[in-house]
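Here is how the chains run, residue by residue.
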Amino acid sequence: MLPAGEPVPVDGALPDAALATVGERGFGVYVHVPFCASRCGYCDFNTYTATELGGSAGRDGYADQVLAELRLADRVLGDRPPARVDTVFVGGGTPTLLPPDDLARILDGIDRTWGLAADAEVSTEANPESVTRESLKELRAAGYNRISLGMQSAAPGVLAILDRRHTAGRATEAAREAREVGFDHVNLDLIYGTPGERAEDFAASLQAVLAAGVDHVSAYALIVEDGTRLAARIRRGELAYPDDDVAADRYLTAEAALAEAGFSWYEVSNWARTPAAACRHNLLYWTGGDWWGLGPGAHSHVGGVRWWNVKHPSSYAARLGAGQSPGQAREVLSAEERRVEEVLLRLRLAAGLPLAILDDPGRMGAARARDTGLLDGAAYEAGRAVLTLRGRLLADAVVRDLLP
């Protein structure tokens, strides 16, 4: 469910105070592609299969709808556009279900509207079975230089429980193809803690990732979301609920294997082989930058105003067809809300956050976290709150200490 908020003006207009600071902390564009060939059992994202959409808005013409919202965004920012677009991230869903030509047109539209920085990071997500060497070559030629592939696991049994369609070896094969056709950065996503996953299954998944030669790895603990097939199977007793202690063991395994291979964590769930391989678009989110989200259900943030679009593709298309903003609701963040979010997000980064951001109770909490080994002592003495490895396992608890 999307949160409640105040109405978005029909024309999408933003307050002058928000427009005054556009791009000061960087500017990105997120494009949501809500289509999937099938629904994975654990997924509660805003995505739709052809069967779920029926006769309503589908892939045909979707790129034109996104470009229509881009034109609206350009009108909203008016004579105060960002100096440049630093990052573009096309996510979903499965963006690569769209033809490469459509993804190229969207990227070209962003460049023509606001201008891509010379060193812009341009990412797309993909499912391994949704790309070929030829389609990857076309995406690279269009300007995409980073790709994130949903691998999840190298164990066939785990993939089956997650309802993933690709075979165990296709993800690493697609990663190698992406590097061979010239992608600068390639990420593989892993999920750990799936019911039935053995320690050796996850260890083998990590080794497969490393053998693929990628320079970025994301690893997430499985979350059981209400309303999913996985949640229903667990509720019926067909599968066990994920075990927190097992998830912690998996995380420690990931950290050890990736560190030994030369990767460094830069966010609790993300590791990069070099600083240049870190996902700059996600760092924009985590450090309070501005971005415009295009597509159904996409979220945006500009100058302390956050808004979100209507979720269903047909509603999204209808709003744009009527010349209206697809925004469903928005919130104007107070200074305190922005401070709280800065603590929540920056603490997850290896760079941590300045202790000066905290109020007096928060600084007392930071001292306790240092004393119990959850915050790094040397960083604390230098005026920053930085999680230790144990602190990463208990990051939410540390946040509660810093925001009592």
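In the nomenclature of an unreviewed UniProt entry, the protein chain corresponds to Heme chaperone HemW from the organism Plantactinospora mayteni. What UniProt records for the protein chain under Subcellular location (unreviewed entry) is the sentence "Cytoplasm". According to the UniProt record, the Function (unreviewed entry) comment for the protein chain is "Probably acts as a heme chaperone, transferring heme to an unknown acceptor. Binds one molecule of heme per monomer, possibly covalently. Binds 1 [4Fe-4S] cluster. The cluster is coordinated with 3 cysteines and an exchangeable S-adenosyl-L-methionine."

Q: So what exactly am I meant to see when it comes to the overall build of the protein chain here?
A: Counting secondary structure elements, the protein chain contains 17 helices and 14 strands. Over its C-alpha atoms the protein chain spans a radius of gyration of 21 Å, differing by no more than 12% from the 22 Å that the globule rule assigns to 404 residues. Along the three orthogonal principal directions, the C-alpha set of the protein chain runs to about 55 × 50 × 45 Å. Residues counted as buried form 55% of the 404 residues belonging to the protein chain. Taking the intrachain contacts of the protein chain between residues at least 6 apart in sequence as the baseline, contacts between residues at least 24 apart amount to 72%. Across the protein chain, the centroid of the 41 positively charged side chains sits 1 Å from that of the 55 negatively charged ones.

Q: Sorry if this is basic, but what is going on with the side chain of Thr94 here?
A: The residue Thr94 is located in the loop between β2 (85-92) and α4 (100-114) in this model. We classify Thr94 as buried; its relative accessible area is 2%. The residues contacting Thr94, other than those within four sequence positions of it, are Val33, Phe35, Cys36, Asn127 and Ser130.

Q: Just to check I follow, could you spell out a negative patch on the surface for this structure?
A: A surface patch of like charges, here negative, comprises Asp243, Asp244, Asp245 and Asp249. Inspection of the secondary structure puts Asp243 in the loop between α9 (229-235) and α10 (244-260).

Q: Where do I start with the pattern of salt bridges in this structure?
A: For the structure shown, the criterion picks out 28 salt bridges. Residue Asp360 is joined to Arg363 by a salt bridge in which the shortest nitrogen-to-oxygen separation is 2.7 Å. Placement of the pair is Asp360 and Arg363 together in helix α14 (residues 360-371), with a separation of three residues, close to one helical turn. Looking at Asp360, the relative accessible area reads 52%, which means it is exposed. Judged by its relative accessible area of 33%, Arg363 is partly exposed. Of the charged contacts, one joins Asp401 and Arg368 as a salt bridge, the two residues approaching to 3.6 Å between their closest N and O atoms. Of the two residues, Asp401 is situated in helix α17 (residues 395-402) and Arg368 in helix α14; the sequence distance between them amounts to 33 residues. A residue is classified by how much of its surface remains accessible, and Asp401, at 26% relative accessible area, is partly exposed. Taking relative accessible area as the criterion, Arg368 reaches 41% and is therefore assigned partly exposed. Salt bridges sharing partners connect three or more residues here, namely Asp64, Asp102 and Arg105.

Q: Please clarify how the layout of surface pockets should be interpreted in this entry.
A: In this approach the atoms are scanned with a rolling probe the size of a water molecule, which exposes any empty space left behind. Empty space within the second largest pocket amounts to approximately 160 Å³. In terms of lining residues, the second largest pocket is bounded by Arg39, Cys40, Gly41, Cys43, Asp44, Phe45, Thr47, Asp226, Gly227, Thr228 and Arg229. Grouping the constituent residues of the lining of the second largest pocket by class yields three nonpolar, four polar and four charged.

Q: Whenever I open this one, the side chain of Arg346 confuses me. Can you help?
A: Among the secondary structure elements, Arg346 is positioned in helix α13 (residues 335-346). Contacts of Arg346, omitting those with residues within four sequence positions, involve Arg25, Trp286, Thr287, Gly352 and Leu353.

Q: Is there a simple way to explain the pairing of strand β4 (residues 146-152) in this structure?
A: The side chains of a regular strand alternate, residue by residue, between the two faces of the sheet. In terms of residue burial, β4 counts as a mostly covered element, since seven of its seven residues are buried. The alternating pattern of β4 places Arg146, Ser148, Gly150 and Gln152 on one face and Ile147, Leu149 and Met151 on the opposite face, and all of these are buried. Relative to β4, strand β3 (residues 116-126) runs parallel, the two being bridged by four bridges. Residue pairing across strands places Thr124 opposite Ile147, the latter belonging to β4. When β4 meets strand β5 (residues 185-192), the two strands line up parallel, connected through six bridges. What sits directly across from Ile147, in β5, is Val186.

Q: I keep staring at the state of the cysteines and nothing clicks. Help me out?
A: In a disulfide, the sulfur atoms of two cysteines are covalently bonded to one another. According to the stated counting rule, one finds zero disulfides in the structure shown. No disulfide involves Cys43; its sulfur sits 6.3 Å from the nearest other cysteine sulfur, which is in Cys36. Of all cysteine sulfurs, the one in Cys43 lies closest to Cys279, which takes part in no disulfide; the gap is 19 Å. Judged by relative accessible area, which is 1%, Cys279 ranks as buried.

Q: In this structure, what is going on with unusual backbone geometry? I would like to understand it.
A: Residues other than glycine predominantly adopt negative phi, and peptide bonds predominantly adopt the trans conformation. A cis geometry characterises the amide bond from Gly92 onward to Gly93, with omega recorded as 15°. With a phi close to 70°, Gln152 is a non-glycine residue in the positive phi region. Within the secondary structure layout, Gln152 lies in strand β4. The phi torsion at Asp163 lies on the positive side, around 65°, for a residue other than glycine. As for its placement among the helices and strands, Asp163 is situated in the loop between α6 (156-161) and α7 (170-180).

Cut-off values and rules
Residues numbered from 1 in each chain as written. Predicted model: local features only at pLDDT ≥ 70, side-chain atom pairs only at ≥ 80, totals over all residues. Heavy atoms only, no water. UniProt positions renumbered as here; feature names shortened; annotations may be inferred. Helix = DSSP H or I, 4+ residues; strand = E, 2+ residues; numbered from the N terminus. Rg over C-alpha atoms; globule rule 2.2 N^0.38 Å. Buried < 20%, exposed > 50% of the residue type's maximum accessible area, 1.4 Å probe, protein only. Contact = heavy atoms within 4.5 Å. Lys, Arg positive; Asp, Glu negative; His and termini not counted. Charge placed at Lys NZ, Arg CZ, Asp CG, Glu CD. Patch = residues over 30% accessible without salt bridge, like charges linked within 9 Å, V, L, I, M, F, W, Y side chains within 5 Å. Areas by Shrake-Rupley, 256 points an atom, 1.4 Å probe, with all protein chains shown as cover. Salt bridge = Lys/Arg side-chain N within 4 Å of Asp/Glu carboxyl O. 1 Å grid on protein atoms, 1.4 Å probe; cavity = no way out; pocket = protein on both sides within 12 Å on 5 of 7 lines; lining within 4 Å. Points joined across faces, edges and corners; volume = space filled by probe spheres on them. Nonpolar A, V, L, I, M, F, W, Y, C, P; charged D, E, K, R; others polar. Pairing = 2+ DSSP bridges. Disulfide = S-S within 2.5 Å.

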